[in-house]
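Okay, here's what each chain looks like letter by letter:
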Number of protein chains: 2
Amino acid sequence: MSAYKEMGEEELKKELQLLEEEYKKICQDNISLDMSRGKPGTDQLELSMGMLDVLNSKSDMISSDGFDCRNYGVLDGIPESKKMMAAIMGTSPENVIVYGNASLNIMYDSISRSFTHGVLGNTPWCKLEKVKWLCPVPGYDRHFAITEHFGIEMINVPMDDNGPDMDMVEKLVSEDETIKGIWCVPKYSNPTGISYSDEVVRRMAKLQPKAKDFRIYWDNAYAVHHLYEENQDEILDIISECEKAGNPDMVYEFASTSKITFSGAGVAAMATSKANIDSIKKQMTIQTIGYDKINQIRHVKFFNDFDEIKAHMMKHAEKMRPKFKAVLDMLEAELKPTGIGKWTNPRGGYFISLDITEGCAKKVVDMCKAAGMVLTNAGATFPYGKDPEDKNIRIAPSYATPEELTKASRILVVCVKIATLQKMLGK
Amino acid sequence: MSAYKEMGEEELKKELQLLEEEYKKICQDNISLDMSRGKPGTDQLELSMGMLDVLNSKSDMISSDGFDCRNYGVLDGIPESKKMMAAIMGTSPENVIVYGNASLNIMYDSISRSFTHGVLGNTPWCKLEKVKWLCPVPGYDRHFAITEHFGIEMINVPMDDNGPDMDMVEKLVSEDETIKGIWCVPKYSNPTGISYSDEVVRRMAKLQPKAKDFRIYWDNAYAVHHLYEENQDEILDIISECEKAGNPDMVYEFASTSKITFSGAGVAAMATSKANIDSIKKQMTIQTIGYDKINQIRHVKFFNDFDEIKAHMMKHAEKMRPKFKAVLDMLEAELKPTGIGKWTNPRGGYFISLDITEGCAKKVVDMCKAAGMVLTNAGATFPYGKDPEDKNIRIAPSYATPEELTKASRILVVCVKIATLQKMLGK
């Protein structure tokens, strides 16, 4: 195999013909594979089954501050749960509110509250003509879905290996009062897997937004989701960086145990400044009497301290590494020699981001689907589902087995090659 | 003891003097009692401890339709959980969405969604000049807190033993397009304990509101919360009544297991028409990936069928009856002979509603507080915390023991008598 750009037209045509034959065969195999969503595999869920043993009918259900976790009350979480979630986020328990099972829900609620009641005394966004949002791309489709749902105009900001283009972010937020927020997945970013450099975090914390109610939505979804014991990414603590920079209220940080314990039944939390917490709790006290404290105490009793969480995450990593490897090996073996495609080899998180030839991503995803292999929709990693260059494909290797992933990646590389060759040959 | 209205001034003064002496003594006792909130007692929470044994590390975590409850997904609840919540509400599973742990949160979110995105295609309420709401009184303070939080103008509607004044409701909703909803606790109403008559439910279902996006917020919080085996209140199913009346989309019904299993860690649900469900799910899919399905399956496995829920509720009733009795006995013995006060003797629910002499409720609550006994704030059962006649006191007997309740009710009746006598004597 040699690089496509060094091949002549006849050679390319021949290669395409062989690949099209292979694709036909694949289509006849009645395959059903899925690399579309960042769902933990069943083997990962098994790792937390012990959590169902920590409470039983004889258990002490009293929190560290003497509260009966079975009853109503405790709006912002029991102290030991705040401590646990603070450790995961690398912040202090007093900055934390513990919620229900999903951090996505907290983000949605935060934006919804900003629309109906405003942020820290500022005009509710529903009274504004226009609200805009910065969206580092490629990014997380469910983030973009929330801002789109609220009619917020999304502005793409390119990402590189250090994080979002901060020159662009600084310029835009300092000039435009309608820009009210930015989506960030600062560690093992969805989908590229990169972590924000210290410089990017510091520049983020030092932003001088024209809008007083501008907030960084810091979705620290993969805070402890390393793939390796060594060479783990670490990022600066945005909360204290914002404090140092004189912007203590500028950030909302989010995290959950969804990909630590059970994806459907974890504990989610937000971390932010005291002023934000006080303001948010005023609304929360209207919205609910309190979230599920039994699940909070269940988590705390399963993980006695942060070291146990770190050790638990290494068990996840053991399950995840062969999955990532299956995909990466295939890309390495099949795409690298052809000189097409550029992909990430992340040290954590849930995704591999693959950039292929411009204009080919949608075609590849459709071809894969026709062959029985589901990928995240092309464009999903961009606001409005529109990848301006139609080149990014998000690969989610967590849910399938390594064997399935080898098969699925094989289909993927065949489709990528076909689409590229067709483009090169003007088909 | 004789009726106060038959006593002369000197006799009243002497009675007042004796009571004031008793009150002084009570104040010296350093009592700390609470009849303020409808929290289950610890003995009631113990009844559900077995629920913590139904799942363990060996459990099958697959829902009846083959879904792994530990993983992401299943937006509207697993089928068996829908079935359970439908049985509680007396409706069909296909009308049900199962949420997280709190029905209050569903109500808040429903109103919030109506503000940001409108109801079934109608104008979002945040774009309207004015939104009004009907509030049967006395009612539930947390309901009124939600509508107040959204700046909704609340209109008091008097309640009698059959429910809200339907002449008034019919007239208002048919004339005023800005009236978008009504709060209802149709069974064992908070705080009066009455249940809506069949006629009231039917008239409710037949309403012809001027606003197309008018919704009945039917908080069926005490659907199975009977105090007795016999003479249980039953109400008509509002969902099918609305269907019959040609108003299938007019009602949102809410319920939870908060006062069935654990108040902090139950399962909550909404029931409504298919059109409403389809519309709500479109928003939910942006807000969350799914609620805690492990807690859903835990509940289903604890209660194998609806008969077990009914039997379980009788165990609650056993704990609750002596508590209600302690309060009612005191009112009967001490207030009845004086001819002051009017109270309910409910067959279910969590409250006793006491009406005393006009202008005296706030004074009584303050005096009780000074003596170490906390009651729900006077006025709390009315919108904006303002009881126009300052006469209603909500008594919540669930959390304390019968012995404590006897003491607490003793303080209450002393304070009621003092406030009444002071008023009669022009003090």
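Residues numbered from 1 in each chain as written. Chains lettered and ligands numbered in written order. Predicted model: local features only at pLDDT ≥ 70, side-chain atom pairs only at ≥ 80, totals over all residues. Heavy atoms only, no water.

Caption draft 1: Main features of the overall build of chain A. Per the secondary structure count, chain A includes 13 helices and 13 strands. The C-alpha atoms of chain A give 23 Å as radius of gyration, which agrees with the globular expectation for 427 residues (22 Å, within 12%). In chain A, 77% of the contacts between residues at least 6 apart in sequence involve partners at least 24 apart. Total accessible area on chain A stands at roughly 16,300 Å², and carbon and sulfur atoms take up 48% of it. For chain A, the separation between the mean place of its 53 positive charges and that of its 62 negative charges on side chains is 3 Å. (Helix = DSSP H or I, 4+ residues; strand = E, 2+ residues; numbered from the N terminus. Rg over C-alpha atoms; globule rule 2.2 N^0.38 Å. Contact = heavy atoms within 4.5 Å. Areas by Shrake-Rupley, 256 points an atom, 1.4 Å probe, with all protein chains shown as cover. Lys, Arg positive; Asp, Glu negative; His and termini not counted. Charge placed at Lys NZ, Arg CZ, Asp CG, Glu CD.)

Caption draft 2: Region of the structure containing the confidence of the model for chain A. Summary statistics for chain A give a mean pLDDT of 97 and a share of 100% for residues scoring 70 or more. Model confidence for the complex: the whole-complex pTM is 0.97, and ipTM, which rates the interface, is 0.96. (pLDDT = per-residue confidence, 0-100.)

Caption draft 3: Spatial organisation of helix H1 (residues 9-28) of chain B. Residues and elements named next belong to chain B. For H1, spanning 20 residues, the distance from its first C-alpha to its last is 29 Å, which sits close to the expected 28 Å at 1.5 Å a residue. Within H1, burial applies to Leu 12, Glu 15, Leu 16, Leu 19, Tyr 23 and Ile 26. What you see down the axis of H1 is that its buried residues fit within an arc of 100°, all on one side. Residues of H1 that are exposed and angled more than 90 degrees away from the buried face: Glu 10, Lys 14, Leu 18, Lys 24, Lys 25 and Gln 28. The first or second residue beyond H1 is Asn 30, which carries a positive phi of 50°. (Expected span 1.5 Å × (residues − 1). Buried < 20%, exposed > 50% of the residue type's maximum accessible area, 1.4 Å probe, protein only. Arc of directions from axis to C-beta.)

Caption draft 4: Focus on the interface of chain A and chain B. Taken together, the 58 residues of chain A in the interface contact 58 residues of chain B. With both sides pooled, the region where chain A packs onto chain B buries about 4,900 Å², and carbon together with sulfur makes up 54% of that total. Seen at the junction of chain A and chain B, the total is two salt bridges. The salt bridge partner of Glu 46 of chain B is Arg 70 of chain A, with a shortest N-O separation of 3.2 Å. Our count for the contact surface shared by chain A and chain B stands at 25 residue pairs in polar contact (both at pLDDT 80 or more). (Buried area = accessible area lost by both parts, 1.4 Å probe. Salt bridge = Lys/Arg side-chain N within 4 Å of Asp/Glu carboxyl O. Polar contact = N/O pair within 3.5 Å; in protein donor to acceptor, adjacent residues only side chain to side chain.)

Caption draft 5: Inspection of the sheet that holds strand E6 (residues 179-184) of chain B at higher detail. Residues and elements named next belong to chain B. Sheet architecture is open: eight strands sit in the order E2-E9-E8-E7-E6-E3-E4-E5, paired in mixed fashion. Two strands close off the open sheet at either side, each with one partner strand: strand E2 (96-98) and strand E5 (163-164). Across four bridges, E6 lies against strand E7 (residues 215-219) in parallel orientation. Counted as the bridge partner of Cys 184 is Trp 218 from E7. Packing of helix H5 (residues 141-149) onto the sheet brings it into contact with strand E3 (132-137), strand E4 (153-160), E6 and E7, and relative to E6 it is tilted by some 160°. (Pairing = 2+ DSSP bridges. Axes fitted to C-alpha atoms, helices over the stretch in contact; angles between N-to-C directions.)

Caption draft 6: Summary view of helix H3 (residues 79-89) of chain B. All names here are of chain B. Burial runs high along H3: eight of the 11 residues are buried. For H3, the set of buried residues is Glu 80, Ser 81, Lys 82, Met 84, Met 85, Ala 86, Ile 88 and Met 89. Packing partners of the buried residues in H3 comprise E2, strand E8 (251-256), strand E9 (268-271), helix H10 (293-302) and helix H11 (306-335). Within two residues after H3, Gly 90 carries a phi angle of roughly 75°, on the positive side.

Caption draft 7: The arrangement of the sheet that holds strand E13 (residues 392-395) of chain A in detail. All names here are of chain A. In spatial order, the strands read E10-E11-E13; together these three strands make up an open sheet with antiparallel pairing. Looking at which strands have only one partner, the edges of the open sheet turn out to be strand E10 (342-343) and E13. Sheet topology note: the E10/strand E11 (residues 352-355) ladder contains two bridges and is antiparallel. Bridge pairing in E11 places Lys 342 opposite Asp 355.

Caption draft 8: Structural view of the packing of aromatic side chains. For the structure shown, the criterion picks out 28 aromatic pairs over all chains. An angle of 45° between the planes, with centres 5.6 Å apart, marks the rings of Trp 133 of chain B and Trp 183 of chain B as tilted. Of this pair, Trp 133 of chain B sits in strand E3 while Trp 183 of chain B is found in strand E6, placing the two residues 50 residues apart along the sequence. Across the pair, exposure class does not vary: Trp 133 of chain B and Trp 183 of chain B are buried alike. On the numbers, 5.5 Å between centres and 35° between planes, the contact of Tyr 217 of chain B with Phe 254 of chain B is tilted. One end of the pair, Tyr 217 of chain B, is in strand E7; the other, Phe 254 of chain B, is in strand E8, with 37 residues separating them in the sequence. For the pair Tyr 217 of chain B and Phe 254 of chain B, a shared accessibility class is recorded, and that class is buried. The cationic tip of Lys 39 of chain A hangs over the ring face of Tyr 399 of chain A; the distance from NZ or CZ to the ring centre is 4.8 Å. (Phe/Tyr/Trp six-rings, centres within 6.5 Å; stacked < 30°, edge-to-face > 60°. Lys NZ or Arg CZ within 6 Å of the ring centre and 35° of its normal.)

Caption draft 9: View of the relation of the copies chain A and chain B. Superposing chain A onto chain B takes a rotation of 180° combined with a translation of 0.0 Å along the rotation axis, leaving an RMSD of 0.0 Å. Those values place the two copies in the arrangement expected of a two-fold rotation axis. Interface overlap between copies is the fraction of interface residues in one copy that are interface residues in the other; for chain A against chain B it reaches 100%, indicating a shared surface. (Least-squares fit on C-alpha atoms with pLDDT ≥ 70 in both.)

Caption draft 10: Region of interest: the packing of helix H11 (residues 306-335) of chain A against helix H13 (residues 402-424) of chain A. Residue and element names in this part refer to chain A. Running from N to C, H11 and H13 cross one another at 30°; their axes reach a closest spacing of 9 Å. Compared by their axis directions, H11 and H13 come out roughly parallel. Between H11 and H13 the crossing geometry is right-handed. Within the contact between the two elements, H11 uses Pro 322, Lys 323, Ala 326, Val 327, Met 330, Leu 331, Glu 334 and Leu 335 and H13 uses Pro 402, Leu 405, Thr 406, Ser 409, Arg 410, Val 413, Val 416 and Lys 417. (Parallel < 35°, antiparallel > 145°, perpendicular 65-115°, else oblique. Left-handed = near helix turned anticlockwise from the far one by under 90°.)

Caption draft 11: Representation of the nonpolar core within the structure. With 68 residues, the main nonpolar core has Ile 111, Ile 146 and Trp 183 of chain A together with Ile 111, Ile 146 and Trp 183 of chain B as its most contacted residues. Beyond its immediate sequence surroundings of up to four residues, Ile 146 of chain A is in contact with Leu 104, Met 107, Tyr 108, Ile 111 and Trp 183 of chain A together with Ile 286 of chain B. (Core = buried A, V, L, I, M, F, W, Y, C linked by side-chain atoms within 4.5 Å.)

Caption draft 12: Focus on unusual backbone geometry. Cis geometry marks the peptide bond from Val 137 of chain A to Pro 138 of chain A, where omega comes out at -5°. Along the chain, Pro 138 of chain A turns up in the loop between strand E3 (132-137) and helix H5 (141-149). Located in the positive-phi region is Asn 30 of chain B, a residue other than glycine, with phi close to 50°. With respect to the secondary-structure elements, Asn 30 of chain B resides in the loop between H1 and strand E1 (33-35). The exposed category is assigned to Asn 30 of chain B, whose relative accessible area is 71%. Its identity is not glycine, yet Asn 231 of chain B carries a phi of approximately 50°, on the positive side. You can see Asn 231 of chain B is positioned in the loop between E7 and helix H8 (238-244).

Caption draft 13: Structural detail: the pairing of E4 of chain B. Residue and element names in this part refer to chain B. Inspection of the sheet shows E3 paired to E4 by six bridges, in the parallel sense. Bridge assignment links Pro 136 to a residue of E4, and that residue is Val 157. The β-α-β motif built from E3, the intervening H5 and the parallel element E4 has right-handed crossover chirality. Hairpin connection from E4 to E5: two residues lie between these consecutive antiparallel strands. (Right-handed = clockwise from strand over helix to strand, strands pointing away.)

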